[in-house]
Amino acid sequence: MLRVEGVSKRFGGVQAVDGVSFTVADSEIHGLIGPNGAGKTTMINLISGFLRPSSGRILLGDREIQNLAPEVVARSGIARTFQNLRLFPNLSVRRNIEVAESHARDGGDPALVGDAIERFGLGPVLSLAPDALSYGHMRRLEIIRALALRPQILLLDEPAAGMNPEETEELFRNLLWLRERHPCAILLIDHDLKFIMSASEMLTVMSMGRLLASGLPQDVTRNEEVIRAYLGHGETV
Ligand SMILES: Nc1ncnc2c1ncn2[C@@H]1O[C@H](COP(=O)(O)OP(=O)(O)OP(=O)(O)O)[C@@H](O)[C@H]1O
Ligand SMILES: [Mg+2]
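These notes cover the structure that comes with them.

Calculation notes
Residues numbered from 1 in each chain as written. Chains lettered and ligands numbered in written order. Predicted model: local features only at pLDDT ≥ 70, side-chain atom pairs only at ≥ 80, totals over all residues. Axes fitted to C-alpha atoms, helices over the stretch in contact; angles between N-to-C directions. Helix = DSSP H or I, 4+ residues; strand = E, 2+ residues; numbered from the N terminus. Parallel < 35°, antiparallel > 145°, perpendicular 65-115°, else oblique. Left-handed = near helix turned anticlockwise from the far one by under 90°. Contact = placed C-beta atoms within 7 Å. Nonpolar A, V, L, I, M, F, W, Y, C, P; charged D, E, K, R; others polar. Near = placed C-beta within 6 Å. Core = buried A, V, L, I, M, F, W, Y, C linked by C-beta atoms within 7 Å. Buried ≥ 20, exposed ≤ 12 C-beta atoms within 10 Å, placed from the backbone. Pairing = 2+ DSSP bridges. Expected span 1.5 Å × (residues − 1).

1. A short note on the packing of helix α3 (residues 93–101) against helix α5 (residues 135–147)
In step 1: The contact between α3 and α5 brings their axes to 8 Å, and the two run at 25 degrees. Accordingly, the angle class assigned to the pair α3 and α5 is roughly parallel. When you trace α3 past α5, the crossing you get is right-handed. Where α3 approaches α5, its residues Val 93, Asn 96, Ile 97 and Ala 100 are matched on the opposing element by Leu 141, Ile 144 and Arg 145.
In step 2: In terms of residue class, the contact of α3 with α5 is made up of five nonpolar, one polar and one charged.

Okay, structure coming up:
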């Protein structure tokens, strides 16, 4: 459904993304991992229209989307969260969600967002300002706000960052619930390999802007380059 074809992005002297290709199929949970600076966030920025690739194509179905504005990409079915959280600080939690819902693609299931609020435990904090929330709640709010757009593809940039192991485990169960409730593909970036390995049906690994491997997790983690990239950063897959 989503095809990234030979995409590159250069910032001045930094080749942040270097000829990367991979695909995300309908309704799959697809992990995207790599050491710091690998180009993961840049990839999400490229897919969501926040950045233009220097070269290459990004296709949603048959449509090229790499030159569309972010709001057009969102309307065409790709929603995202931000690694550094971008909630509307002057709006309540409820209004943050409602603003997103007012931009939802088609009507869809009217109960979806309410059910997600309950499932993600945001019911009791709806009237608060985002900065009154715990970090874990802020991350959950970002996910629900993206879900409120009723996307075909959800891009999640480190949704478990700052969460403890129990919260991460709960997030994992909630993402499975979400995908059942609103069938969509999820492209998931995280540094928590246990979380990524248990959640991902497909896995893509980047390092220093390049694609190291993309495929089934059990195949990708046997790839020599992947092992080297991770051992080089003191982690084991
Ligand atoms: N707007 C920008 N201007 C200049 N350089 C950038 C910009 N955005 C990213 N970079 C550089 O591009 C490279 C890839 O960064 P990116 O944020 O995509 O990595 P990442 O894989 O998301 O890393 P992390 O795991 O730390 O979030 C880094 O060298 C970064 O410094
Ligand atoms: Mg990043």
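So much for the structure itself; the text now carries on.
2. Points about the site of ligand 1
In step 1: Taken together, the neighbourhood of ligand 1 is formed by Phe 11, Val 14, Ala 16, Gly 34, Asn 36, Gly 37, Ala 38, Gly 39, Lys 40, Thr 41, Thr 42 and Gln 83.
In step 2: Elements that contribute at least two residues to the shell around ligand 1 include exactly β2 (14–24) and α1 (40–47).
In step 3: For the shell around ligand 1, the element with the highest residue contribution is α1, accounting for three residues.
In step 4: Looking at the shell around ligand 1 residue by residue, the class counts come to four nonpolar, seven polar and one charged.

3. Description of the nonpolar core
In step 1: One finds Ile 144, Ile 153, Leu 154, Ile 186, Leu 187 and Leu 188 to be the most contacted residues of the largest nonpolar core, which totals 67 residues.
In step 2: Dropping the residues within four chain positions of it, Ile 153 is found in contact with Leu 2, Val 24, Gly 77, Ile 78, Cys 184, Ala 185 and Leu 187.

4. Side note on the pairing of strand β9 (residues 202–207)
In step 1: Most of β9 is tucked away, with six of its six residues classed as buried.
In step 2: Alternating residues of β9 divide into Met 202, Thr 204 and Met 206 and Leu 203, Val 205 and Ser 207, and every residue in both groups is buried.
In step 3: For strand β3 (residues 29–33) and β9, the ladder comprises four bridges, and the chain directions are parallel. In the strand pairing of β9, His 30 is matched with Met 202.
In step 4: As defined by bridge partners, β9 adjoins strand β10 (residues 210–215) across five bridges and the pair is classed as antiparallel. Bridge pairing links Ser 207 to Arg 210 in β10.
In step 5: Between β9 and β10, which follow one another and run antiparallel, lie two residues, and Met 208 among them has a positive phi close to 50 degrees.

5. What about α5?
In an α-helix, one turn spans 3.6 residues, which is why side chains three or four residues apart end up on the same side.
In step 1: Its 13 residues give α5 an end-to-end C-alpha distance of 19 Å, which sits within 8% of 18 Å, the value for a rise of 1.5 Å per residue.
In step 2: Across the 13 residues of α5, 10 count as buried, placing the element largely inside the fold.
In step 3: Buried residues of α5: Gly 136, Arg 139, Arg 140, Leu 141, Glu 142, Ile 143, Ile 144, Arg 145, Ala 146 and Leu 147, and no others.
In step 4: In this fold, the buried residues of α5 make contact with β6 (78–80), α3, α4 (112–119), β7 (153–157) and α6 (165–181).

6. A short note on the environment of Arg 75
In step 1: Structurally, Arg 75 is set in helix α2 (residues 70–75).
In step 2: C-alpha separation for the pair Arg 75 and Val 20, spaced 55 residues apart in sequence, amounts to 25 Å.

7. Structural notes on the sheet that holds strand β4 (residues 55–60)
In step 1: Ordered by their spatial adjacency, four strands build an open sheet running β2-β1-β4-β5, and the pairing between neighbours is antiparallel. Only two strands of the sheet have a single neighbouring strand rather than two, namely β2 and β5 (63–64).
In step 2: Here β4 runs beside β5; their pairing, made up of two bridges, is antiparallel. Residue Leu 59 lies in a different strand from β5, and its bridge partner there is Glu 64.
In step 3: Here α1 sits on the sheet and contacts β1 (2–11), β2 and β4; the angle it forms with β2, its principal contact strand, is near 65 degrees.

8. Structural notes on the environment of Val 99
In step 1: Examined against the element boundaries, Val 99 turns out to sit in helix α3.
In step 2: When the C-alpha positions of Val 99 and Ala 148 are compared, they lie 9.0 Å apart, and in sequence the two are 49 residues distant.
In step 3: Not counting chain neighbours up to four residues away, the residues in contact with Val 99 comprise Phe 88 and Leu 91.

Nothing here speaks to function; it is geometry throughout.
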